[in-house]
Amino acid sequence: MSRKTDHIVILATSDIHGNITGYDFSGKISSSGGLSRLKTYIQVLKASEEVILIDGGDMIGGSEMLDEICPGHTGEIHPVIKAMNIVGYDAATLGNHDFDLGTDYLLKTFSEANFPVLAANVRKQDGSLLTGKGCTLIERKGVRVAVVGVVTPFVKVTAKTAQGVSSLHFSPGAEAVAETLNKIKEQYDVLVVSAHMGGYGEYDSENGSDSAWYIADKIPDIDILLMAHTHEIDVGRRGSTVYGEVRDRANEILRFDVYLGEDGKPLLTDCRIVKLEDYEPCSEITEDSVIVRIQNETAEYFSSGMHKKDDSPVIGEAADTFQPENTDPEVPVARLRETPVTNLINRVQLEKSGADISVCSLFNPYCNIKKGPITKNQVKDIYEFENYLVTVEITGKELKNYLESNACCYETVNRENPYLRLNRNYPPFLQDYFSGVSYEIYVKNEAGNRIRNIRVHGSPVSENQRFVLAVSNYRYNTTLKKNGIVSANKLWQSEMTIREMIEDYITHNSPLKPELEGNWTVVLQSSKEESGV
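Since we're looking at a predicted model, the values are computed, not measured.

Attention shifts here to the nonpolar core. The biggest cluster of nonpolar side chains holds 59 residues, and the ones touching the most others in it are Tyr 439, Leu 469 and Ile 502. Among the elements that make up this core, the one with the highest residue count is helix α14 (residues 498–508) (five residues). Setting aside residues up to four positions removed in sequence, Tyr 439 forms contacts with Leu 403, Phe 434, Ile 451, Arg 452, Asn 453, Ile 454, Asn 519, Trp 520 and Thr 521.

Here you go:
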């Protein structure tokens, strides 16, 4: 039996990426989230509950406002920190994008925070913690909560050129958590670990140095595990540990209700997701002078076309424009059919890896290579992240399951006169584009039974056939291995990043022509035929 007076609520956000008021400046659309709505929710909740609020990282990097506008205003408090102070955060963990502008900028920005910023696995050359804190102890109604924060150690890859990063030491997440807990024994009733990493490792799936689930497996006494970084909703239990992650931009938050039983041990309900769309933005945030000024500058940055300015080096030439024109401003054509941009990425991956099949993603579905000079920034626009290429063996059955899972990005409306619509619950960055395999997607069929006529090298595919698949290290770890799509381990990993490979290919194959493989189509009518796999 739990004691009502010992009930507390632990809330968590992650990967806010500067979403203060719920407005997307690049797309010029309003969203249903943001820190201003979170403030309203917190005000309502605190009227009846004791609350602890934690952020899981990527607060001050990873958007145009944060990367282009805010660095010009270092003489005043950062707008995200101002908003987080108003919301009333109790703690935050560093994320990989918080390092993007260098460690001096990071430390200066977070010096204005009214909450501790945690990074138990990041140390300076003198051995001291970068932010000065790896954990914090918070008490509510006599309940002592310890919060330990760690970030993916592969900041050393994703932000390798940022000022100060090369001189830092990043230790594995589980190792740093264990070391921290040895110093705070018997000082807490509830243990929370905030890890800016996904459940499955992104770069180090074999050793788990960047895996949140590996931390839970090694340290089973963790009560709550807050995950981040992958921008995916993921809640559940791992042993006795309750874990959760929400998508980016504070459109929803994690809620954990914690009671203490008569024996003093914590009793947790499962993690649940709270959507913020029904809460009005708080005027204390939306009307703050610092926040208003920065957001106005960001709007001007986009409306003036400054975000399109490109003075980066020219590396090649395009014989024609790659992406077809978008006729629907809300649905990029690249998400509905094959385009020369995805074909280019896959062609490069196949050539560099020697694989049978390649798969890639479009981080920006509106990206393009226009006729004329091709610059390094254009390549970064079509392939933003510092991913590496890996190969892995995949069976015919696994390939079919992968294609079926990916087909969930579509749905149909109106059975009598069907038209295609994107599944709003399927994040765009999770949609994959395949090359080397041909297939048809019958979207009117039930999910899991949509893929037909799978062929590789022109021949039908059987369940037990084996192929070599080329895929980014990120997708290999966070989708293929995490979701059990492939059972095999990677065969090879590149030394160059995929973006470097694309640059090299363009340099040696100019003028570059837009090409289509014509290997997949979306079919609106139903099909009752068997897939043959």
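Further remarks concern the layout of surface pockets. The volume enclosed by the second largest pocket comes to roughly 160 Å³. In terms of lining residues, the second largest pocket is bounded by 14 residues, among which Ala 120, Arg 123, Leu 129, Thr 180 and Lys 183 are the most central. Counting residues per element, the ones that place at least two in the lining of the second largest pocket are β7 (122–123) and α6 (173–183). With four residues, α6 is the single largest residue contributor to the lining of the second largest pocket. Residues of the lining of the second largest pocket, tallied by class, amount to six nonpolar, five polar and three charged.

Evaluated as defined, the whole model comprises eleven aromatic pairs. On the numbers, 5.5 Å between centres and 85° between planes, the contact of Tyr 301 with Phe 302 is edge-to-face. In this pair, the class of Tyr 301 matches that of Phe 302, namely buried. By the ring-pair criterion, three or more aromatic residues cluster together here, those being Tyr 402, Phe 434, Tyr 439 and Trp 520.

Looking at the secondary structure, you find Val 390 in strand β21 (residues 388–395). Here Val 390 falls in the buried class, since its relative accessible area comes to 0%. Along the sequence, Val 390 and Arg 293 sit 97 residues apart, while their C-alpha atoms lie 44 Å from each other. For Val 390, the contacting residues outside a window of four places in its chain are Leu 469, Ala 470, Val 471, Ser 472, Asn 473, Tyr 476, Lys 490, Trp 492 and Gln 493.

Right, let's talk about the pairing of strand β8 (residues 135–140) for a bit. For β8 and strand β9 (residues 143–151), the ladder comprises six bridges, and the chain directions are antiparallel. Directly across from Arg 140, in β9, lies its bridge partner Val 143. Joining the antiparallel neighbours β8 and β9 is a turn of two residues, in which Lys 141 adopts a positive phi near 50°.

Reading guide: rules and limits
- Residues numbered from 1 in each chain as written.
- Predicted model: local features only at pLDDT ≥ 70, side-chain atom pairs only at ≥ 80, totals over all residues.
- Heavy atoms only, no water.
- Core = buried A, V, L, I, M, F, W, Y, C linked by side-chain atoms within 4.5 Å.
- Buried < 20%, exposed > 50% of the residue type's maximum accessible area, 1.4 Å probe, protein only.
- Helix = DSSP H or I, 4+ residues; strand = E, 2+ residues; numbered from the N terminus.
- Contact = heavy atoms within 4.5 Å.
- 1 Å grid on protein atoms, 1.4 Å probe; cavity = no way out; pocket = protein on both sides within 12 Å on 5 of 7 lines; lining within 4 Å.
- Points joined across faces, edges and corners; volume = space filled by probe spheres on them.
- Nonpolar A, V, L, I, M, F, W, Y, C, P; charged D, E, K, R; others polar.
- Phe/Tyr/Trp six-rings, centres within 6.5 Å; stacked < 30°, edge-to-face > 60°.
- Pairing = 2+ DSSP bridges.

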